[in-house]
Amino acid sequence: MDIGQLKEYIISYTLNNCPLGNQGYNRVLIQLIGFLGHGKSSLINSCKYALYNKEFTAHAAAGSADGGLTVARNAYPLTDTITMVDNRGCATLNPFETGEFYTQLGNFIPLNEGVEWTKEFGDVVNRLEDSDIEPNFTDIIVPVFVYSVKRELAANEVEEIKTFLKSCRDLTGIFPIIVLTHKTSGAFSKFRDLFEGMGAEEILSVENYTPEDNLKTLGRHLQFLNLIHKVLLNVNFRMSEERNPRRERAERKKFLTRYFHEREVRK
Ligand SMILES: Nc1nc2c(ncn2[C@@H]2O[C@H](COP(=O)(O)OP(=O)(O)O)[C@@H](O)[C@H]2O)c(=O)[nH]1
Ligand SMILES: [Mg+2]
């Protein structure tokens, strides 16, 4: 596909055209997860820019390099079918933070609302129960893990991330696609090998468009279109089998209940 065909494929993509129809799903939710300040918001802005080729606009507010800004869990529609979610990031990946990620990833926190970090077991259970009032089960969730190659990883963190990525796979049925950001500012091939060793199937490296540097080139645009294309290939694969959206939500809820229970027991 050339760039025009790639854009057309993405923009006109609809779940209704899957071999077995939409099976009750109506949206592809690309869920961005990762540490604070690694470029999640910038990735959303870059995808919009590459897809529509208008002036570069910062739709998702990007924060400072050390902090990052996102506290609400905001959704940014890319097309009629595809939406990107800027999840709340964190500084480390301890059991507390990962629990929050799984809750966001499983769609048990509403979109476009602030995310309260919840520590106590009672609060965690209440939040899960409350999510049943207006359950969301019509999204096909695709996890994307955003990681800046400017940040070094300690050995224990590698193990933590490996476990985390595998759990994201168990929760969503898709191994998180890895996006390495700041690719011209670090040893991205080292991280490529590292993530491949953690079981990652798709690893893309990008230089995000930013307010400071948004000179568009073919190669740079393609980085982002290729990412969305990879997402849709994963969706097509899942949608080629019979699925039940309500059952899948129930499975995600069981996963979370189990996770929080085990965490509480260990505590
Ligand atoms: N040079 C460069 N800067 C980036 C890249 N990605 C993000 N940034 C900058 O890093 C800072 C944090 O990015 P942001 O998107 O807010 O991270 P988030 O917290 O994960 O949403 C911002 O100042 C961005 O402009 C990249 O690939 N290259
Ligand atoms: Mg952000």
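Reading guide: rules and limits
Residues numbered from 1 in each chain as written. Chains lettered and ligands numbered in written order. Predicted model: local features only at pLDDT ≥ 70, side-chain atom pairs only at ≥ 80, totals over all residues. Heavy atoms only, no water. Helix = DSSP H or I, 4+ residues; strand = E, 2+ residues; numbered from the N terminus. Buried < 20%, exposed > 50% of the residue type's maximum accessible area, 1.4 Å probe, protein only. Phe/Tyr/Trp six-rings, centres within 6.5 Å; stacked < 30°, edge-to-face > 60°. Lys NZ or Arg CZ within 6 Å of the ring centre and 35° of its normal.

> Looking at this structure, how should I read unusual backbone geometry?
Negative phi is the rule for most residues except glycine; trans is the rule for most peptide bonds. Of note, asparagine 107 is a non-glycine position whose phi angle comes to about 70 degrees, a positive value. Checked against the element boundaries, asparagine 107 lands in the loop between α3 (95-105) and α4 (121-130). Overall, the relative accessible area of 6% leaves asparagine 107 in the buried class. Residues other than glycine seldom take positive phi values, yet asparagine 112 does so here, at roughly 60 degrees. Structurally, asparagine 112 can be placed in the loop between α3 and α4. Of the residues examined, asparagine 112 reaches a relative accessible area of 48% and is grouped as partly exposed.

> In this structure, what is going on with the packing of aromatic side chains? I would like to understand it.
Each aromatic ring pair is described using two quantities: the centre-to-centre distance and the angle formed by the ring planes. Enumeration according to the criterion identifies 15 aromatic pairs in this entry. Each ring, one from tyrosine 102 and one from tyrosine 259, has its centre 5.0 Å from the other, and the planes form 90 degrees; the classification is edge-to-face. With tyrosine 102 in helix α3 and tyrosine 259 in helix α8 (residues 245-266), this pair connects stretches of sequence that are 157 residues apart. For the pair shown, tyrosine 102 and tyrosine 259 are each scored as buried. Three or more aromatic residues link up through ring pairs in this structure, and these residues are Phe35, Phe101, Tyr102, Phe145, Tyr147, Phe164, Phe191, Phe195, Phe255, Tyr259 and Phe260. Just above the ring of phenylalanine 35 sits the side chain of arginine 151; from NZ or CZ to the centre is 4.3 Å.

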